[in-house]
Amino acid sequence: WSQAKAQCEAVVNSGLYGLEPNYSDIFSSSKQWGQEVVYSLHMVEDPDGNWGEHEGSWLSIWFGDRDMGWGYGFRCPTTDFINAFEPGDNRLDASVVFDGESIPGVFGGAPHDFTGGSWNPPTGFMGQKYLIPDSERPVTADCNGNLDYIFLRYADVLLMAAEANNRATASNDTKAQNYLNQVRARAYGNNSNASSSTGSTLTQEIWDERRLELAGEGHRFYDLVRTGQAAAEISGFVAGKHEVFPIPQTEIDVSNLTQNAGY
């Protein structure tokens, strides 16, 4: 934890990064080189690509709406996730599309009618972070786009710094609170939800904040595994097996590896 603290605070103290004032701007093409992005894979739309030959991003098709435009509708939010938000948290609307909601500038502003649609999201909600306006949709029929893959953003660094300070042998909960509360202040537009917790209570608050702040961005499973909460939170998760993935038999044959336990 002391090493993690040092690395995270080197980024924080560099002065190179900051939080985007408007949370939803992080996922717009106009902010792809914004102050919050620490590490991303820059994508450009492939103007003449065919299926399977794309040079562009697939974010818009993986997580886009099946009914109202191109999309597979993956990674749909759950009711449990919706209920985890506190009143006034602006990340909810930026992360979730509700049944009947009309999103200006996206798919012509048509309402998303999940109830009557042919491809209803299985949870009753759809992810919103990777929807892009019609004007920014790919010109090719195969749906590749220009949305960058963001692997690490500044809010994630702040929450890692918070956890590292909280869990280090020489813990510093005052610092941990400061980093956590920077993220919360943006989420609520003020400091009304600032944390003053310490110890294990603060640890859980940081973990819960990661769930809301980084929702749909590919972190949740790994957070649950590393914090020992996966078996309690994921239906069908088998402790001692599903923390790791199976190794393909072809790789075992070539490299003489030993298959992971349980597979």
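Above this note sits the structure.
Analysis parameters
- Residues numbered from 1 in each chain as written.
- Predicted model: local features only at pLDDT ≥ 70, side-chain atom pairs only at ≥ 80, totals over all residues.
- Heavy atoms only, no water.
- Helix = DSSP H or I, 4+ residues; strand = E, 2+ residues; numbered from the N terminus.
- Contact = heavy atoms within 4.5 Å.
- Core = buried A, V, L, I, M, F, W, Y, C linked by side-chain atoms within 4.5 Å.
- Buried < 20%, exposed > 50% of the residue type's maximum accessible area, 1.4 Å probe, protein only.
- Salt bridge = Lys/Arg side-chain N within 4 Å of Asp/Glu carboxyl O.
- Expected span 1.5 Å × (residues − 1).
- Axes fitted to C-alpha atoms, helices over the stretch in contact; angles between N-to-C directions.
- Parallel < 35°, antiparallel > 145°, perpendicular 65-115°, else oblique.
- Left-handed = near helix turned anticlockwise from the far one by under 90°.
- Nonpolar A, V, L, I, M, F, W, Y, C, P; charged D, E, K, R; others polar.
- Phe/Tyr/Trp six-rings, centres within 6.5 Å; stacked < 30°, edge-to-face > 60°.

A. Focus on the environment of Gly88. Within the fold, Gly88 resides in the loop between helix 3 (79-83) and helix 4 (91-95). Along the chain, Gly88 and Ser192 lie 104 residues apart, while their C-alpha atoms are 9.8 Å from each other. Gly88 has contacts with Ala187 and Tyr188, leaving out every residue within four places of it along the chain.

B. Representation of the nonpolar core in the model. Val12, Leu158, Ala162, Tyr179 and Leu180 are the most contacted members of the largest nonpolar core, which has 16 residues in total. At the level of elements, helix 1 (2-14), helix 5 (154-167), helix 6 (173-188) and helix 7 (199-213) are the ones that each hand at least two residues to this core. Per element, the largest residue contribution to this core is seven residues, and it comes from helix 5. Core analysis: the next-biggest nonpolar cluster, separate from the first, contains 13 residues, Phe27, Trp58, Leu59 and Ala94 among them.

C. Geometry of unusual backbone geometry. A positive phi is found at Arg75, a non-glycine position, where the angle reads about 55°. Its identity is not glycine, yet Asn256 carries a phi of approximately 60°, on the positive side. Mapped onto the secondary structure, Asn256 falls in the segment after helix 10 (249-255).

D. Region of interest: the pattern of salt bridges. Tallied over the entire structure, the rule returns 18 salt bridges. With its nearest N and O atoms 2.8 Å apart, the salt bridge here joins Arg91 to Asp89. Taken individually, Arg91 and Asp89 each receive the classification buried, so the pair is uniform in this respect. Asp156 serves as the salt-bridge partner of Arg210, at 2.8 Å between the closest nitrogen and oxygen. Of the two residues, Arg210 sits in helix 7 while Asp156 sits in helix 5, which places them 54 residues apart along the sequence. Across this residue pair, the class does not change: Arg210 and Asp156 are buried. The network of salt bridges with common partners includes Glu36, Asp89, Arg91, Lys129, Arg153, Arg184, Arg186, Glu209, Glu213 and Glu217.

E. Helix 7, seen in detail. Its 15 residues place the ends of helix 7 21 Å apart at the C-alpha level, agreeing with the 21 Å of an ideal helix rising 1.5 Å per residue. Every buried residue belonging to helix 7 is among Leu202, Thr203, Glu205, Ile206, Trp207, Glu209, Arg210, Arg211, Leu212 and Glu213, and all of these are buried. Buried residues along helix 7 sit in contact with helix 3, helix 4, strand 4 (149-153), helix 5, helix 6 and helix 8 (220-226).

F. Quick peek at the packing of helix 5 against helix 6. At a closest axis distance of 7 Å, the pairing of helix 5 and helix 6 adopts a crossing angle of 155°. When the interaxial angle is binned, helix 5 and helix 6 end up roughly antiparallel. With respect to the hand of their crossing, helix 5 and helix 6 are arranged in left-handed fashion. Where helix 5 approaches helix 6, its residues Ala155, Leu158, Leu159, Ala161, Ala162, Asn165 and Asn166 are matched on the opposing element by Asp173, Lys175, Ala176, Tyr179, Leu180, Gln182, Val183 and Arg186. For the contact of helix 5 with helix 6, the residue count by class is nine nonpolar, three polar and three charged.

G. Spatial organisation of the packing of aromatic side chains. Taken as a whole and assessed by the stated rule, the structure comprises 12 aromatic pairs. Ring geometry for Trp62 and Phe63: centres 6.2 Å apart, planes at 70°, overall edge-to-face. On the basis of relative accessible area, Trp62 is assigned to the partly exposed category, the value being 31%. Here Tyr72 and Phe74 contribute two aromatic rings whose centre-to-centre distance is 5.4 Å and whose plane-to-plane angle is 45°, an arrangement assigned as tilted. Members of the aromatic cluster, connected to one another through ring pairs, are Tyr23, Phe27, Trp62, Phe63, Tyr130 and Tyr149.

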